[in-house]
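Observations on the three-dimensional arrangement
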Amino acid sequence: AQSVSQHNHHVILSEAASLELGCNYSYGGTVNLFWYVQYPGQHLQLLLKYFSGDPLVKGIKGFEAEFIKSKFSFNLRKPSVQWSDTAEYFCAPPQSLIFGKGTKLSVKP
Amino acid sequence: GAVVSQHPSRVICKSGTSVKIECRSLDFQATTMFWYRQFPKQSLMLMATSNEGSKATYEQGVEKDKFLINHASLTLSTLTVTSAHPEDSSFYICSARDPGGTEAFFGQGTRLTVV
């Protein structure tokens with residue numbers, strides 16, 4: 001079965017700090033992965049997606065993620081976070097939409 | 001992007017009654033919709049996959065008779081929590097895949113409180 005895991009449950013950063021949130025997958029075959037974000041009081045929305053091709057994927061709001069097959073990872077990154085990035089972030093394969101546990105990001109102004 | 005509307009956003013019901021939650025894709029047809037439950041400070045847990053015109057596929061541990069799913073049209077799926085109990089109180093979220101079958105769009109969620 002397709003599954004993903006997110007090991008960082010709560011990350012607290014100051015503004016302008018760099019961010020990396022981990023996502024590991026544990027299934028074979030074709031690997032497609034999405035990152036979703038849920039801002040406080042809002043719907044989940046797609047941040048970025050990887051299907052194939054360039055393993056470095058750029059998403060909205062300055063986020064990017066790199067698919068590293070050898071590490072079974074698809075970590076989310078942002079060079080400089082802002083207070084408005086405070087949200088919960090979820091990793092999931094689109095086929096099953098079974099989510100990792102989510103990582104809550106709190107950015108201190 | 002596409003819009004998924006979920007209704008109601010909040011509902012309070014008495015123990016033993018049933019509650020229906022609707023999930024509509026407003027500007028696209030969704031052959032597949034997903035229902036999730038989210039406990040406080042936890043991730044979304046997939047409850048079931050709703051397929052238009054056929055029976056829903058439930059995840060392990062989810063009671064089919066308790067959480068009735070109907071996907072009678074390409075734009076509407078409903079989740080009925082039957083004989084609700086306080087432990088069913090939770091945040092329920094639906095999503096629908098776009099026609100290309102890749103990106104999923106989420107409803108705003110329904111906060112169910114059973115008293």
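The structure this text deals with has already been given above.
Let me sum up the structure you'll find in this document. (Residues numbered from 1 in each chain as written. Chains lettered and ligands numbered in written order. Predicted model: local features only at pLDDT ≥ 70, side-chain atom pairs only at ≥ 80, totals over all residues. Heavy atoms only, no water.)

This next bit is on the state of the cysteines. Per the counting criterion, the structure on display carries two disulfides over all chains. The partner cysteine of A:Cys23 in its disulfide is A:Cys91, sulfur to sulfur 1.9 Å. Judged by the sign of its S-S torsion, about -60°, the cystine formed by A:Cys23 and A:Cys91 is left-handed. Of this pair, A:Cys23 sits in the loop between strand E3 (19-21) and strand E4 (24-25) while A:Cys91 sits in strand E10 (residues 87-92); the two residues are 68 residues apart in sequence, bridging distant segments of the chain. Of the residues examined, A:Cys23 reaches a relative accessible area of 0% and is grouped as buried. Bridging B:Cys23 to B:Cys94, the disulfide has an S-S length of 2.0 Å. Since a negative S-S torsion denotes a left-handed disulfide, the B:Cys23-B:Cys94 link at about 80° is right-handed. On the criterion of sequence distance, the pair formed by B:Cys23 in strand E3 (residues 19-25) and B:Cys94 in strand E9 (residues 90-97) is long-range, its members being 71 residues apart. (Disulfide = S-S within 2.5 Å. Helix = DSSP H or I, 4+ residues; strand = E, 2+ residues; numbered from the N terminus. Buried < 20%, exposed > 50% of the residue type's maximum accessible area, 1.4 Å probe, protein only.)

A separate point is the side chain of B:Thr110. Residue and element names in this part refer to chain B. Its place among the elements puts Thr110 in strand E11 (residues 110-114). Residue Thr110 is classed as buried on the basis of its relative accessible area of 0%. A distance of 3.1 Å separates a polar atom in the side chain of Thr110 from a polar atom in the side chain of Gln6. If near-sequence neighbours (up to four positions away) are discounted, Thr110 is found in contact with Gln6, His7, Pro8, Ser9, Val11, Ile21, Ser90, Phe91 and Tyr92. (Polar contact = N/O pair within 3.5 Å; in protein donor to acceptor, adjacent residues only side chain to side chain. Contact = heavy atoms within 4.5 Å.)

From the geometry alone we can't say anything about function, so treat these as descriptive.
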